[in-house]
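# Structural overview for review
Residues per chain are reported as follows:
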Amino acid sequence: MDILLQEDSIISPLGFSTSENIKAIKAGVSGLHFHENSRFLNGGFYAGIVDKSLLAEHFSKIGDSSKFTKLEQMMLLSIQSVLNNNQLDLSETGLVISSTKGNVDLLGDSRNFSKDRASLISLAKIIQDFFGFKLQPIIVSNACVSGGLAVAIAKRFIQVGKFTDAIVVAGDLVTDFVTSGFQSFQALSATPCKPFSKNRDGISLGEAAAAILVSRRERKANNISLVGDATVNDANHISGPSRTGEGLYKSIQLALKEAKLAALEIDYLSAHGTATLFNDEMEAIAFNRAGLEHVPVNSFKGFYGHTLGASALIETILTKHSLLNNELYPSLNFEELGVSKPINIIDKLEKRELKIALKTASGFGGCNLAMILKKAF
Amino acid sequence: MDRSKTYFITNSIRIKNEKFLQKKETILSFDPEISFPQFLKDSYKKLELNYPKYHKMDSLCKLGILGASLLLKNQNFTEDTALVFSNRSSSHDIDLKHQRSMENIVSPAVFVYTLPNIVLGEISIKYKLQSENVFFIEDKFNPDLLVDYSEGLLNSGKATSVVCGWLELKNDEYDVLLCLVSNNGKIPFTKVNLEELYRFENE
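Chain B appears in an unreviewed UniProt entry as Beta-ketoacyl synthase-like protein from Gillisia mitskevichiae.

Where an unreviewed UniProt entry is consulted, chain A appears under the name 3-oxoacyl-[acyl-carrier-protein] synthase-1, with the organism given as Gillisia mitskevichiae.

## Quick word on the overall build of chain A
Looking only at helices and strands, chain A has 10 helices and 16 strands in total. Over its C-alpha atoms chain A spans a radius of gyration of 19 Å, differing by no more than 12% from the 21 Å that the globule rule assigns to 377 residues. Seen through its principal axes, chain A has C-alpha atoms that stretch 55 × 50 × 40 Å. Within the span of chain A, comprising 377 residues, buried residues form 65% of the whole.

## Points about the pairing of strand β9 (residues 224-231) of chain A
Residue and element names in this part refer to chain A. Within β9, 8 of the 8 residues are buried, leaving the element largely enclosed by the surrounding structure. Here strand β1 (residues 4-11) runs beside β9; their pairing, made up of 2 bridges, is antiparallel. Counted as the bridge partner of Leu 5 is Ile 224 from β9. Relative to strand β16 (residues 367-375), β9 is paired through 7 bridges, and the arrangement is antiparallel. Each bridged residue has a counterpart across the sheet, and for Ile 224 the counterpart in β16 is Lys 375.

## What to know about unusual backbone geometry
Backbone geometry at Leu308(A) places phi at a positive 50°, although glycine is not the residue there. When you line up the elements, Leu308(A) lands in the loop between α9 (301-304) and α10 (311-325).

## Examining the domain arrangement of chain A
All names here are of chain A. According to the domain assignment, chain A contains domain 1 (4-215) and domain 2 (224-375). Counting residues at the interface gives 63 residues for domain 1, matched by 62 residues for domain 2. Across the domain 1-domain 2 interface, the total number found is 8 salt bridges. We note a salt bridge from Glu 335 to Lys 194, for which the minimum N-O separation is 3.8 Å. For the pair domain 1 and domain 2, the number of links is 27 residue pairs in polar contact (both at pLDDT 80 or more).

## Digging into the nonpolar core
Side chains of nonpolar character tend, in soluble globular proteins, to be buried together. Formed by 175 residues in total, the largest nonpolar core has its most connected members in Ile79(A), Ile153(A), Phe182(A) and Phe85(B). When residues of this core are assigned to their parent elements, the largest contribution, 9 residues, is made by helix α2 (residues 59-72) of chain B. Taken together, domain 1 (4-215) and domain 2 (224-375) of chain A each give at least three residues to this core, which thus spans both. The residues touching Phe182(A), leaving out its near neighbours within four places in the chain, are Ala187(A), Leu188(A), Ile203(A), Leu205(A), Leu308(A), Phe364(A) and Phe111(B).

## Some thoughts on the packing of α2(B) against helix α5 (residues 118-127) of chain B
All names here are of chain B. Remark: α2 packs on α5, axes separated minimally by 9 Å, with the N-to-C direction vectors making an angle of 40°. Put simply, α2 runs oblique to α5. Helix-helix and strand crossings are classified by hand; for α2 and α5 the assignment is right-handed. Along its contact with α2, which presents Leu 60, Cys 61, Gly 64, Ile 65, Ala 68, Ser 69 and Leu 72, the element α5 presents Ile 118, Val 119, Glu 122, Ile 123, Lys 126 and Tyr 127. For the contact of α2 with α5, a count of residues per class yields 9 nonpolar, 2 polar and 2 charged.

Rules behind the numbers
Residues numbered from 1 in each chain as written. Chains lettered and ligands numbered in written order. Predicted model: local features only at pLDDT ≥ 70, side-chain atom pairs only at ≥ 80, totals over all residues. Heavy atoms only, no water. Helix = DSSP H or I, 4+ residues; strand = E, 2+ residues; numbered from the N terminus. Rg over C-alpha atoms; globule rule 2.2 N^0.38 Å. Buried < 20%, exposed > 50% of the residue type's maximum accessible area, 1.4 Å probe, protein only. Pairing = 2+ DSSP bridges. Domains from an automatic or database assignment. Contact = heavy atoms within 4.5 Å. Salt bridge = Lys/Arg side-chain N within 4 Å of Asp/Glu carboxyl O. Polar contact = N/O pair within 3.5 Å; in protein donor to acceptor, adjacent residues only side chain to side chain. Core = buried A, V, L, I, M, F, W, Y, C linked by side-chain atoms within 4.5 Å. Axes fitted to C-alpha atoms, helices over the stretch in contact; angles between N-to-C directions. Parallel < 35°, antiparallel > 145°, perpendicular 65-115°, else oblique. Left-handed = near helix turned anticlockwise from the far one by under 90°. Nonpolar A, V, L, I, M, F, W, Y, C, P; charged D, E, K, R; others polar.

In structure tokens, the structure reads:
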């Protein structure tokens, strides 16, 4: 049974549709800008933040922006865009929601919303009711692999016959909650983040939402299938990646095994690439162990920052379009290679025939994810 | 894919109302008046965990470690034992703690626990499980989701056994059911049986 990745949408500082996002990426535009914040000695930090009034303007076409939080508006808009182009029977369509912190900015002060609006349960209910999904939403909150894991979960439930079509939606915000936490870890970069570079000094945070239709029903000719997926925990440390890349290496092996493919058949690798010293080093080690050191690889974090529970879905969507467009997108802000093992960073936009891609992600709690996307034509 | 296979609830642990139940038998209980932090401390001592890392963890992880320790004691399981957990309130209690600290000094040792799946990492470390992990958020205990997803992992060969269940904590109120699911046992791994184990202490 082929599990197909179909219509998709990305709402981010780079635009309000996937095509706007890809246009910005091809033009080398970054969503990361300096934002004032009194927590920082230098008066602020670099982050990818969606313009509130622009968002409200877009949202006004489908609802009253005063009744929905920023995150809800972003996630609802992304789903609406997928539904616009596809006739789906929402009485039998699955809804898989990914977020690490949801509306956590309401936890201290719920503003004009009800007190429980900060919870992930409420977020799911809002999304379900807005469109009238009949099936109980499935919410995944598994740190920074969540967005990709949600796609794998949709596939697994389709395979066991729970539903035929699923909308997978992911979203997270740049909140003071998360910013203060990463700052306490000294994990935030003083400049826009520089994945895999020698002078990288941490992550940039970003916010975004994305949605995709995952289905076993063929709709259009240009389909991409999800042919293998695996998560493996490092069983090593809850906040630091394994020095040997154990979990990531194993998840790549298991995903390849399910896909019945070998590492040398991978044409493109979309890495997690957060730009912390340890993460990028761990990935380079895992990719080398897996025999992927020559495969063109990028991180999209230089464009978006780390969008947490949304990142792995956004990057899966971009990987899908890389395959469809036969284009390799550059790893923005890359300077000189700064990991101990060789990897083949994409430094300029390149047209190339692509058939099979690997998407990986890793996160707090020691989780790792690998997914293999393949042209189904 | 072999869909005809039956799996069993090899062991189960329920933690609720100051009590630990193994399957349906109470194996440890405390005075109902005991405070939650004291309950976590005394349980650790009674169960002789001898795992100093426990004291650094947030309450959700402590509950998970207590449950997993009893669940996996004297059991056979391999490193590809998947963890399929769920709850309603995500990491609510530690989220509030971090939120309150934001006015003053934020601690990375608190912030790191503000994700529900950290407990999966803690259990993986303690039992050296390099396996499939997922944390679902559900309105209420949902045996359908747990059985469908766990069976999918077992049938597709992504795991040879699964620890699945419900690990809820909100404002120091806890409600836990963890099950070890494998080829061994007498209780078939069904939605009805899972529901019954959950309801037993709720009656």
